[in-house]
Amino acid sequence: MNRLLRFIVIGILTLSLIPAAAGAQPAVEPLLEGCVETYDPATNYFPVEMDVNYATGFEIEYHNHYKVISVTDPWQGAETVFQYVLVQCGTPAPDLEGEYLVIEVPVARAISMSTTYIPHFVDLDLVDRLVATDETDFIYSPEVRERIDAGEIAEIGGSSAVNVELTLDLEPDVIFTYGSGFPEYDAHPALLAAGLNVALNGDYMEETPLGRAEWIKFTAAFFNREAEANAVFDAQVEQYTR
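I'd like a rundown of the sheet that holds strand β8 (residues 174-177), residues and numbers included.
The strand order β7-β6-β5-β8-β9 describes an open sheet built from five strands, whose pairing is parallel. Both edges of this open sheet fall to β7 (154-155) and β9 (198-200), since each of them pairs with a single strand only. Direction of pairing for β8 relative to β9: parallel, over a ladder of three bridges. Counted as the bridge partner of Phe176 is Ala199 from β9.

Describe in detail the pattern of salt bridges, supporting the description with residues and values.
What the rule picks out here adds up to six salt bridges. Taking the shortest distance from any N to any O, the salt bridge between Arg145 and Asp149 comes out at 3.8 Å. Separated by four residues within a single helix, Arg145 and Asp149 lie in helix α3 (residues 142-149), roughly one turn from each other. Its relative accessible area of 24% is what places Arg145 among the partly exposed residues. Since its relative accessible area comes to 62%, Asp149 is described here as exposed.

Let's hear about α3: which residues, and what values?
Of all the positions in α3, only Val144, Arg147 and Ile148 are classed as buried. Seen along its axis, α3 keeps its buried residues to an arc of 105°; they face one direction. Facing away from the buried side of α3 by more than 90 degrees, the exposed set consists of Pro142, Glu146 and Asp149. Residues of α3 that are buried sit in contact with α2 (118-123) and β6 (130-133). Downstream of α3 by one or two residues, Gly151 has phi in the positive range, about 75°.

Account for the layout of surface pockets, with residues named and values stated.
Estimates place the volume of the largest pocket at around 180 Å³. Around the largest pocket, the lining residues are Thr80, Val81, Phe82, Gln83, Tyr84, Glu99, Tyr100, Leu101, His188, Leu192, Val198 and Leu200. Breaking the lining of the largest pocket down by element, the ones donating at least two residues are β3 (82-88), α5 (188-193) and β9. When residues in the lining of the largest pocket are grouped by element, the largest group, three residues, is from β3. Taken together, the residues that form the lining of the largest pocket break down as eight nonpolar, three polar and one charged.

Quick one: what's the story with the sheet that holds strand β2 (residues 66-71), residue by residue and with numbers?
One open sheet accounts for four strands, arranged β1-β2-β3-β4; its pairing is mixed. In the strand order of this sheet, the two ends are held by β1 (58-62) and β4 (101-105), each with one partner. Recorded for the sheet is a direction-independent mean angle of 20° between the axes of neighbouring strands. Where β3 meets β4, five bridges bridge the pair, whose relative direction is parallel. In the sheet register, Val85 faces β4, and the bridge partner there is Val102.

Run through the pairing of β3, naming residues and quoting values.
Here β3 lies mainly inside the structure; six of its seven residues are buried. Here β2 pairs with β3 via six bridges, running antiparallel. The partner of Ser70 across the bridge, within β3, is Gln83.

Quick notes on the rules
- Here the residue numbering is sequential within each chain, running from 1 through the sequence in written order.
- Two thresholds apply to this predicted model, a pLDDT of at least 70 for residue-level local features and 80 or more for giving and counting side-chain atom pairs, whereas whole-chain, interface and lining totals are computed over all residues.
- Side-chain descriptors were evaluated using all non-hydrogen atoms of the structure, hydrogens and water having been removed beforehand.
- When DSSP finds at least two bridges between two strands, those strands are taken to pair.
- Secondary structure is summarised from DSSP: a helix means a run of H or I of at least four residues, a strand means a run of E of at least two, and numbering begins at the N terminus for each.
- Counted as salt bridges are all cases of a side-chain nitrogen of Lys or Arg within 4 Å of a carboxyl oxygen of Asp or Glu.
- Burial classes: relative accessible area under 20% of the type maximum marks a residue as buried, over 50% as exposed, and values in between as partly exposed (1.4 Å probe, protein chains only).
- The arc in question is the one traced by the directions running from the helix axis out to the C-beta atoms.
- Residue contacts are counted whenever heavy atoms from the two residues lie within 4.5 Å of one another.
- In this analysis the probe radius is 1.4 Å and the grid spacing 1 Å, with only protein atoms considered; a cavity is a set of points the probe fits into but cannot get out of, a pocket is an open set with protein on both sides within 12 Å along at least five of seven lines, and lining residues have an atom within 4 Å of a point.
- Grid points are joined across faces, edges and corners, and a volume is the space filled by probe spheres set on the points.
- Charged means Asp, Glu, Lys or Arg here, nonpolar means Ala, Val, Leu, Ile, Met, Phe, Trp, Tyr, Cys or Pro, and polar covers whatever is left, Gly included.
- Working convention: axes come from line fits to C-alpha atoms, limited for helices to the stretch in contact. Angles between N-to-C directions cover 0 to 180 degrees.

Given below as C-alpha cells:
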C-alpha cells in the first residue's frame, strides 16, 4: 500500500471512531405512536428536545428513554411540585427518588379539561387523540367540533362534579387539567384517587403571553411532538416580537 493510500485509510478509520470516542449516543426518529420493539439502553429515543425559555411554571429534563416534567407553580400558594416521568413505551421505567407519576409516551388517548388546551391538539395535529373534554359548549375549533358532532369526543364535566365513572370507561392515557387549591373547583383529586393519570397544567399562572403560550411544549412532551411544538412556538415568538 503506497504512503498516500495509507494516509487516506488511516484518516477514514480515525474519523469513524470520533463519535464513539466523544461519547456520542445513537439516536432514532422519535416515535409518534406505538412502542419500542427492542430496547437499547444506549439509544437516545428523544433526539429532539425542547427548551423552556419564557414559561416559569414547568421544567423539562431529558434522558435517553424518559423525560421528567416538573410543574413548579400549578396554582397560587401551591406548596407541592408535581412531577411526571414520561417513559418511552417499550422501555423500562427508571427508579427515581421522590413522588412522581409514570406515564408511557406517546399517549394515544387524552382528555382536555380546559378549552385553553384545545389549540395545542389542533396545532400539533393531535385532534384524533382527544377522546373527551370537560364540556363542549365553548369549543369552536372546526376540527374538534366535527369529532364532537360525530360522537367521538365525550363530555365528562368538571370541577369536583367530574364524572369519574364515564372517565374510567373512556380509558384515557392522560387527563390534562388544572388545579386551584380549592376542593370544590378541582377535579384532579377524584381522578387521581380513581387511579387515572392526571397532568396538571399551570398555564394560567404565567404572567406573560409568551410564557402562557409556551405550555404547548408541556402538552407536546406527552406525545413526542417536540419538533412540532418547537416550530409552532418559534413562529408565535417571531410574530409576537415583530
